[in-house]
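# Per-entry structural report
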Amino acid sequence: MNINRCSLLAVLLALTACGGGSGSGSKSSSSSVVSSMLSSSAASLSSAVSSVSSSTDMSSISSSAITSSISSASSSSTPVVIELAENGGFEDSEAGSTAPANWSLANNEGTAVIQVISAANQPSNVHSGNRALEVAINTIGANPWSIETTHTGLNNGGIPVVGGSIYAYKAWVKGPAGAQANFTVGTPAPAYAERARSNVTLSGEWQEVSIEVTTSTDDTLLRLPVHFSLAANVGATIYVDDFSFTKVESITYEYSPVTVESLRSLSPGNMPIGVAVAAGNSAISPLTNIPRQTVVTQHFNQLTAENIMKPSFLQPTQGQFSFGDADALIDFAEANGLKVHGHTLLWHNQIPNWMQNFSGTKDQWLDVLRTHVSTVASHFAARQSVVSWDVVNEAFEDAGGRYRGSAANTGSSVWYTNIGPEFIEEAFKAAHAAAPNADLYYNDFSTEWNRPKLDAVVAMVEDFQARNIPIDGVGFQMHVWGNANVATIREHLKLVADIRPAIKVKITELDVRLNYVDPPLSANAYTPARADQHKALIKGIVEAYLEVVPAEQRGGITVWGVADVDSWINSLYGRPDWSLFFFNDMSPKPALQGFADALSGN
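Residues numbered from 1 in each chain as written. Predicted model: local features only at pLDDT ≥ 70, side-chain atom pairs only at ≥ 80, totals over all residues. Heavy atoms only, no water.

## Regarding the packing of aromatic side chains
Enumeration according to the criterion identifies 23 aromatic pairs in this entry. Judged by centre distance (5.3 Å) and plane angle (40°), the rings of Tyr255 and Phe583 are tilted. You can see Tyr255 sitting in strand β16 (residues 253–255) and its partner Phe583 sitting in the loop between α11 (568–573) and α12 (590–600), a full 328 residues away along the chain. Comparing Tyr255 with Phe583 shows no difference in burial state: the two are buried. Put simply, the rings of Phe90, Trp103, Tyr167, Tyr169, Phe183, Phe243 and Phe245 pair up and form one aromatic cluster. Lying across the ring of Tyr167, Lys247 places its NZ or CZ 6.0 Å from the centre. Seen from the ring of Trp481, Arg513 lies directly overhead, with NZ or CZ sitting 4.8 Å from the centre. (Phe/Tyr/Trp six-rings, centres within 6.5 Å; stacked < 30°, edge-to-face > 60°. Helix = DSSP H or I, 4+ residues; strand = E, 2+ residues; numbered from the N terminus. Buried < 20%, exposed > 50% of the residue type's maximum accessible area, 1.4 Å probe, protein only. Lys NZ or Arg CZ within 6 Å of the ring centre and 35° of its normal.)

Following this line, the structure appears as structure tokens:
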């Protein structure tokens, strides 16, 4: 059996309570006793790191910037999140209450009104569920702690913790741009020792606060104060919601066997089996991270740069191109016998500020487009390993297959707004002129299930072919959920494979979101049954691809990352997930075997 082993951690009596999450939905509260075995002694020094992220779209964030909430556990363990912040979403309190259970609200010297509010009365000021806390600040006192809210634990007795352990503290905050809220973790009276802090400058939108803290060896109780006595807050009203304070425990699962030694060795006709990787100075780059390097070279024959070949990285200043990190990735690929799929020449996201804010005529915008595409494509055309490109990425909106930015509620695109739909063909013409030997793809998401969107893509390809606009293939990103319909995926792949003249079909960004249910699954929910569901879905998708795409039209299959902790899905949805093919210790998951079984016909 494939055993994903865990560490044994300290005995802990914990109160389990929901604390909301990112997005709307109901919240509930309950308590339970959770215990585990005593671990080896932990470090005595306390430390903390903190981060703040907006609740807006985060799909463009580099995985190297993501700090997983489960990083405190062994990378090969399956974590169990133990929630300690009872009434973290204020759901147990009545609207208008100034004394919510397990909270202490203080306005000792300043004049502030602090109360629980209801989504029924202020829907935009409740992050999720039906309640939040409103802090309306009129004046502040001389005491820097005169206006604060503090989660003090059950019956104000403090939150029980284990010394020398790592905890994850999260909350959501909203207030006028420029206002501030200082989130801290500390011990109760009389010491009031601070263990961690995150000083947050507010943006006007909901923001997530995330703090990881290591307790001192003698810590037994903690409290969670939030300070508002700051000059920037005079006259401001600030809202906080969805507090959670969790300890990560571990359990052991035994998964179905993984016997595949190398995916690439099973590839029919040396079809590309690719993986998206971080590069540059990322800690998870295979250029420097030896465990990932081993996995990448063992199982894959093609690389896609996750970020460093996008416009914001290659042309950060107009006319000044920066190829160093991308060239280093190409050097690594060639040294290890790997091909490279370029991603991406043109996109409405991850473009540099100068490009986003460029002001000019349509002809000037076309010059910007052609200069970028031509310069980048010609630079890499000299490298034989760069065999293909995503030329244009995500030019269609999701609902009805219209161009992104073409009407209200279709999203935004500086390219469509300033050039019109012909920006797509202009990008393909420029790419072909600069790199005539590379396969050129149009790439988009949700086309594996969204028929109107796929129909729009097919119509575009057929129009290009009729007018001799160069295009060689269509990329299906294939960011699927665990309940994806393989029959629909097969049908949609075939629609593109049947285009004549024939073009290539490529799965470009395969991963599986499994934690899409509400309330969200806990971090220990990647059970053997769920792992086998993951395996079966991957096997079904790869089999469908091989069945309907003729060998000469196969652009290959690329997975979007190596280990689960690398995935953008964790950050975007704010919950644990298991979307990729390797555990965090680089041991293979059953999904990898599903991929292998499909390749070998088992």
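## Considering the environment of Asp532
Position of Asp532 among the secondary structure elements: in helix α10 (residues 528–548). It is 8.1 Å that separates the C-alpha atoms of Asp532 and Tyr255, two residues lying 277 residues apart in sequence. Beyond its immediate chain neighbours, meaning those up to four positions away, Asp532 contacts Ser256 and Pro590. (Contact = heavy atoms within 4.5 Å.)

## With respect to the packing of helix α9 (residues 486–497) against α10
At a minimum axis distance of 9 Å, the contact between α9 and α10 shows a crossing angle of 25°. On the basis of their axis angle, the class for α9 and α10 is roughly parallel. Seen from above, α9 lies across α10 with right-handed handedness. Of the residues in α10, those in contact with Val486, Ile489, Arg490, Leu493, Lys494 and Ala497 of α9 are Leu537, Gly540, Ile541, Ala544, Tyr545, Glu547 and Val548. (Axes fitted to C-alpha atoms, helices over the stretch in contact; angles between N-to-C directions. Parallel < 35°, antiparallel > 145°, perpendicular 65-115°, else oblique. Left-handed = near helix turned anticlockwise from the far one by under 90°.)

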